[in-house]
Amino acid sequence: MWHWVFDKKPHQQYTLPYYAQSPISKERKEFNTVNDIWNEIELIAEQDDYSIGQQLFYLLPLFANPSYILDDEYYNLINEYHYVTEYNIPLGLNLNDTDADKLVMFNIIKNEMGLALKNKAEKENGRSKS
């Protein structure tokens, strides 16, 4: 979500396999597969300093190519969220028929979108702490 709000393009610095420093442990780690990247993301998710979206926006490029994680599925979900919210298109006929996983994802998108837009506004006004 944060990459979408800030319109930041993923870099191609890291190509599997590679070594990079963990932003959490500060140790040099070997990343052989995308699962190794996800394992590091799990460590990031355990931190409570900022939202997971903000942490990934700032920390993921330090040890991984975001393209390994950010795929079309996520961008399609963000687009669907916008269609539903902007054009009042229902997700289902009623709440019982609505995909629960999609509701959870939409709630995450809504929360991260709000935090990212707030952070972007603060940066533009020179008041951001990150």
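Keep in mind the model is a prediction, meaning the values are calculated, not measured.

A. Structural context of the environment of Lys 26. Structurally, Lys 26 is set in the loop between β1 (18-21) and β2 (28-31). Assessed through its relative accessible area of 54%, Lys 26 is described here as exposed. In this structure the side chain of Lys 26 is engaged in a polar contact, spanning 2.7 Å, whose partner is the backbone oxygen of Pro 23.

B. Up close: the packing of helix α2 (residues 34-45) against helix α3 (residues 52-63). Closest axis-to-axis distance for the α2/α3 pair is 10 Å, and the angle between their directions is 135°. In terms of orientation, α2 lies oblique with respect to α3. Note that α2 runs across α3; the crossing there is right-handed. Mapping the contact onto sequence places Ile 37, Glu 40, Ile 41, Ile 44 and Ala 45 in α2 and Ile 52, Gln 55, Leu 56, Leu 59, Leu 60 and Phe 63 in α3. When its residues are assigned to classes, the contact of α2 with α3 shows 9 nonpolar, 1 polar and 1 charged.

C. How the structure looks around a nonpolar patch on the surface. Residues Tyr 83, Tyr 87 and Ile 89 make up a contiguous nonpolar surface patch of about 360 Å² in total accessible area. Mapping Tyr 83 onto the fold places it in helix α4 (residues 72-87).

D. View of unusual backbone geometry. Here the amide bond leading from Leu 16 into Pro 17 is cis, since omega sits at -10°, within 30 degrees of zero. If you trace the backbone, Pro 17 turns up in the loop between α1 (2-6) and β1. The phi angle at Lys 26 is positive, at roughly 65°, despite the residue not being glycine. Look at Asn 88: it is not a glycine, yet its phi comes out positive at around 55°. By secondary structure assignment, the location of Asn 88 is in the loop between α4 and α5 (100-124).

E. View of the pattern of salt bridges. In total, this model carries 2 salt bridges according to the counting rule given. Ionic pairing is found between Glu 40 and Lys 29, a salt bridge with its closest N-O pair at 2.6 Å. Of this pair, Glu 40 sits in helix α2 while Lys 29 sits in strand β2, and the two are 11 residues apart along the sequence. Overall, Glu 40 belongs to the buried group, its relative accessible area being 1%. Put simply, Lys 102 and Glu 80 hold a salt bridge, and the shortest N to O gap is 2.9 Å. Linking Lys 102 in helix α5 with Glu 80 in helix α4, this pair joins segments that are 22 residues apart in sequence. Here Lys 102 falls in the partly exposed class, since its relative accessible area comes to 22%.

Parameters and conventions
- Residues numbered from 1 in each chain as written.
- Predicted model: local features only at pLDDT ≥ 70, side-chain atom pairs only at ≥ 80, totals over all residues.
- Heavy atoms only, no water.
- Helix = DSSP H or I, 4+ residues; strand = E, 2+ residues; numbered from the N terminus.
- Buried < 20%, exposed > 50% of the residue type's maximum accessible area, 1.4 Å probe, protein only.
- Polar contact = N/O pair within 3.5 Å; in protein donor to acceptor, adjacent residues only side chain to side chain.
- Axes fitted to C-alpha atoms, helices over the stretch in contact; angles between N-to-C directions.
- Parallel < 35°, antiparallel > 145°, perpendicular 65-115°, else oblique.
- Left-handed = near helix turned anticlockwise from the far one by under 90°.
- Contact = heavy atoms within 4.5 Å.
- Nonpolar A, V, L, I, M, F, W, Y, C, P; charged D, E, K, R; others polar.
- Patch = residues over 30% accessible without salt bridge, like charges linked within 9 Å, V, L, I, M, F, W, Y side chains within 5 Å.
- Areas by Shrake-Rupley, 256 points an atom, 1.4 Å probe, with all protein chains shown as cover.
- Salt bridge = Lys/Arg side-chain N within 4 Å of Asp/Glu carboxyl O.

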